[in-house]
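The chain contents come next:
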Amino acid sequence: MIVSDLEHLRDQVVMTPNMETAINFLLESGQQEHPAGRLTVDGDRVFVEVQAYETIEGGDVTFEGHRTYLDIQYVVEGEEIIAWASIDDATVTTPYGPDGHDYWLGTVPADRVTNVRLKGGQLAVLYPTDAHAPRRAAGASMPVRKLVVKVAI
């Protein structure tokens, strides 16, 4: 996992053609209003899931992980916690790709979780080795607008 501000991301990631496309999209269009749903940037190589939601206070934490894509989870407005753990600490409860999608779901013991707080303009890059649970409340529940850029690896 890499946590950064958008302006410093190029200095922290390996600049593959797909990553370059993703970062250019965020720099050029990341602050624009986009309707919720999928936004195609470069076919299936780079696309964006535009999300708007209320963060979740407490409760059970379900982790996810991916194999085909890495996530750049960019908070445009609001603030949230992304719970992070190594996939080595995850117990899979829903196997990878049961419905053709690029994810698995699972749990992680609380003592193996690191909480990362992101506010508007900040992002996390999550690789296939990163189990993560986004949408967690950073204090009280609040609205968040976020772009999850899926980058084929």
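As a starting point, this report considers the structure included with it.

On to unusual backbone geometry. One non-glycine residue, Arg135, lies in the positive phi region at around 75 degrees. Positionally, Arg135 belongs in strand 11 (residues 130-136).

The next subject is the pattern of salt bridges. For the structure shown, the criterion picks out nine salt bridges. As a salt-bridge pair, Glu20 and Arg10 come within 2.7 Å of each other at their nearest N and O atoms. Residue Glu20 is found in helix 1 (residues 17-29), and its partner Arg10 is found in the loop between strand 1 (2-5) and helix 1; the two are separated by 10 residues along the sequence. Given the relative accessible area of 29%, Glu20 is considered partly exposed. A residue is classified by how much of its surface remains accessible, and Arg10, at 33% relative accessible area, is partly exposed.

A few words now on the side chain of Lys146. For Lys146, the position within the fold is in strand 12 (residues 143-152). According to the relative accessible area criterion, Lys146 is buried, its value standing at 1%. Every residue in contact with Lys146, bar those within four places of it in the chain, is listed here: Glu49, Val50, Gln51, Tyr53, Gln73, Tyr74, Val75, Val76, Glu80 and Pro134.

Taken in spatial order, the six strands make up an open sheet running 1-10-5-12-3-2, and their pairing is antiparallel. Edge positions in the open sheet fall to strand 1 and strand 2 (37-42), since each of these has one partner strand only. Geometrically, the sheet is characterised by an average inter-axis angle of 20 degrees between neighbouring strands, direction not taken into account. Note that strand 3 (residues 46-54) and strand 12 share nine bridges and pair antiparallel.

About the thresholds
Residues numbered from 1 in each chain as written. Predicted model: local features only at pLDDT ≥ 70, side-chain atom pairs only at ≥ 80, totals over all residues. Heavy atoms only, no water. Helix = DSSP H or I, 4+ residues; strand = E, 2+ residues; numbered from the N terminus. Salt bridge = Lys/Arg side-chain N within 4 Å of Asp/Glu carboxyl O. Buried < 20%, exposed > 50% of the residue type's maximum accessible area, 1.4 Å probe, protein only. Contact = heavy atoms within 4.5 Å. Pairing = 2+ DSSP bridges. Axes fitted to C-alpha atoms, helices over the stretch in contact; angles between N-to-C directions.

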